[in-house]
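As a plain string of letters, each chain reads:
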Amino acid sequence: MQFGIFSVSDVTTDPTTGHTPDDTERVRAMLTIAKHADEAGLDVFATGEHHNPPFVASSPTTMLGYLAGVTKDITLSTATTLITTNDPVRIAEEYAMLQVISNGRMDLMMGRGNTGPVYPWFGQDIRQGIPLAIENYALVRRLWTEDVVDWEGKFRTPLQGFTATPRPLDGVPPFVWHGSIRSPEIAEQAAYYGDGFLHNNIFWPMSHTKQMVAFYRQRFEHYGHGRADQAIVGLGGQVFMRKNSQDAITEFRPYFDNAPVYGHGPTMEDFTRDTPLTVGSPQEVVDRYGSFIDEVGYYQRQMFLMDHAGLPLKTVLEQIDILAADVVPQLRKIADAKLPNDVPANPPTHAQRVAAARAKGQTGATHVGDGGDEYTGTLAEETEEAL
């Protein structure tokens, strides 16, 4: 199982100091957090995408492209790529470019977004969110897998003889997740294509998460991609930890009570009871998250939200260290012990996807020129030759 962190990129005042970071400080903090997660040995860093205050992550591929050059091992992903308000042509091209730059060390998660005003800003209607997600993603897939595309749909200008550039790395598109917390249509979409499904259940009880994941698994099997338990699943999570449980509760309470996303509502005790938010010792986090496999079946990716609610950068980096040193090793052991036979332990890597596609004869072109030999080298080999 993979373990990582994701950011929603909120700019929130620290209730204990009154400090509000400006946009530059917040963006640079996210970069520091991602690099620290890589150094700590976590598996994934993911950024959200927003185009409205108080969020700053408006350009995921810019951020992840930079991080591809300054990190070594961590998988770079998105917590949301807005499939509804982005042009699907730009999604296809920008993420293929990121795939090339990162040498395949990336994936992405399609999402609709839930901020109503954003839709008209980009010429769309939130009431068409599901149809937009379905049509736009179908076009993205064609742009990645077909060298020349003729296309006409409802929501964008038709395409005639169009080739998206650059072509996907090694002729194989990135692995795609579909994220939804309440829409079975999106779980159905993920299952139809055999893609991953991530239920970011940070505000939801496990009973709802269990139902959504079970539906996706059943439809995955229905479409012939494998057994239900072989479907690729991810979950969200939130934690705040200190060695002593009461210290964690005392320190985190003012952030919880004042956070715009859940402050001034349920008490922290009620929220931690009813959602995955866990505030306490590392062992309490291990005990709780180690049980999620028993609820939804073996799943391949567990993501944690840590840099939110105005928490200072120093505290977030400390949380990453605790997660990497005291929680993830134990969760890996639990996951390994519960891994069924013939079930993927992790989401597929780029190398695995290339091998599977070549075995089926399904790799596409790796260049856009007419004629010529197909390039099959790696980014590292090309760079070495250029030097």
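Before any of the text, the structure's been laid out above.
Residues numbered from 1 in each chain as written. Predicted model: local features only at pLDDT ≥ 70, side-chain atom pairs only at ≥ 80, totals over all residues. Heavy atoms only, no water.

Caption draft 1: Representation of the side chain of D38. Mapping D38 onto the fold places it in helix α1 (residues 23-40). Although D38 is buried, it forms no salt bridge, and the closest oppositely charged side chain is R105 at an N-O distance of 5.2 Å. Polar contacts involving the side chain of D38 include one to the main-chain amide nitrogen of D73, which spans 3.1 Å. Excluding residues that lie within four positions of it along the chain, D38 makes contacts with T71, K72, D73 and I74. (Helix = DSSP H or I, 4+ residues; strand = E, 2+ residues; numbered from the N terminus. Buried < 20%, exposed > 50% of the residue type's maximum accessible area, 1.4 Å probe, protein only. Lys, Arg positive; Asp, Glu negative; His and termini not counted. Salt bridge = Lys/Arg side-chain N within 4 Å of Asp/Glu carboxyl O. Polar contact = N/O pair within 3.5 Å; in protein donor to acceptor, adjacent residues only side chain to side chain. Contact = heavy atoms within 4.5 Å.)

Caption draft 2: Region of the structure containing helix α2 (residues 60-70). Among all positions in α2, only P60, T61, M63, L64, G65, L67 and A68 are buried. The inward-facing, buried residues of α2 contact α1, β2 (44-47), β3 (75-78) and α3 (88-101).

Caption draft 3: View of unusual backbone geometry. P54 follows P53 through a cis peptide bond whose omega is 10 degrees. Counting through the fold element by element, P54 comes out in the loop between β2 and α2. Omega for the bond connecting T165 with P166 falls within 30 degrees of zero, at -5 degrees, which places this linkage in the cis form. With respect to the helices and strands, the residue P166 is situated in the loop between β7 (159-162) and β8 (176-179).

Caption draft 4: Representation of helix α8 (residues 245-258) in the model. Given a rise of 1.5 Å per residue, 14 residues ought to cover 20 Å, and the 21 Å separating the end C-alpha atoms of α8 matches this to within 8%. Within α8, the axis deviates most sharply at F252, by approximately 40 degrees, and proline P254 lies no more than four positions further along. Those residues of α8 that sit buried are A248, I249, F252, Y255 and F256. Among the residues of α8, the N-terminal cap falls to N244, whose side-chain oxygen and the backbone nitrogen of Q246 are separated by 2.9 Å. (Expected span 1.5 Å × (residues − 1). Bend = angle between axes of the 7 residues up to and from the residue.)

Caption draft 5: Looking closely at the pairing of strand β9 (residues 196-199). Burial along β9 is two-sided: the face carrying G196 and L198 and the face carrying F197 and H199 are both buried. Alignment of β8 against β9, held across three bridges, turns out to be parallel. The partner of H178 across the bridge, within β9, is F197. Remark: the β8/helix α6 (residues 184-193)/β9 crossover connection has right-handed handedness. Crossover handedness for the path β9 to helix α7 (residues 206-222) to strand β10 (residues 233-235): right-handed. (Pairing = 2+ DSSP bridges. Right-handed = clockwise from strand over helix to strand, strands pointing away.)

Caption draft 6: Spotlight on the packing of α2 against α3. α3 packs onto α2 with a crossing angle of 5 degrees between their chain directions and a minimal axis gap of 9 Å. By the angle class used here, α2 and α3 are roughly parallel. Every residue of α3 that contacts α2 at P60, T61, L64, G65 and A68 is listed here: E94, Y95, L98 and I101. Classifying every residue of the contact of α2 with α3 by side-chain character gives six nonpolar, two polar and one charged. (Axes fitted to C-alpha atoms, helices over the stretch in contact; angles between N-to-C directions. Parallel < 35°, antiparallel > 145°, perpendicular 65-115°, else oblique. Nonpolar A, V, L, I, M, F, W, Y, C, P; charged D, E, K, R; others polar.)

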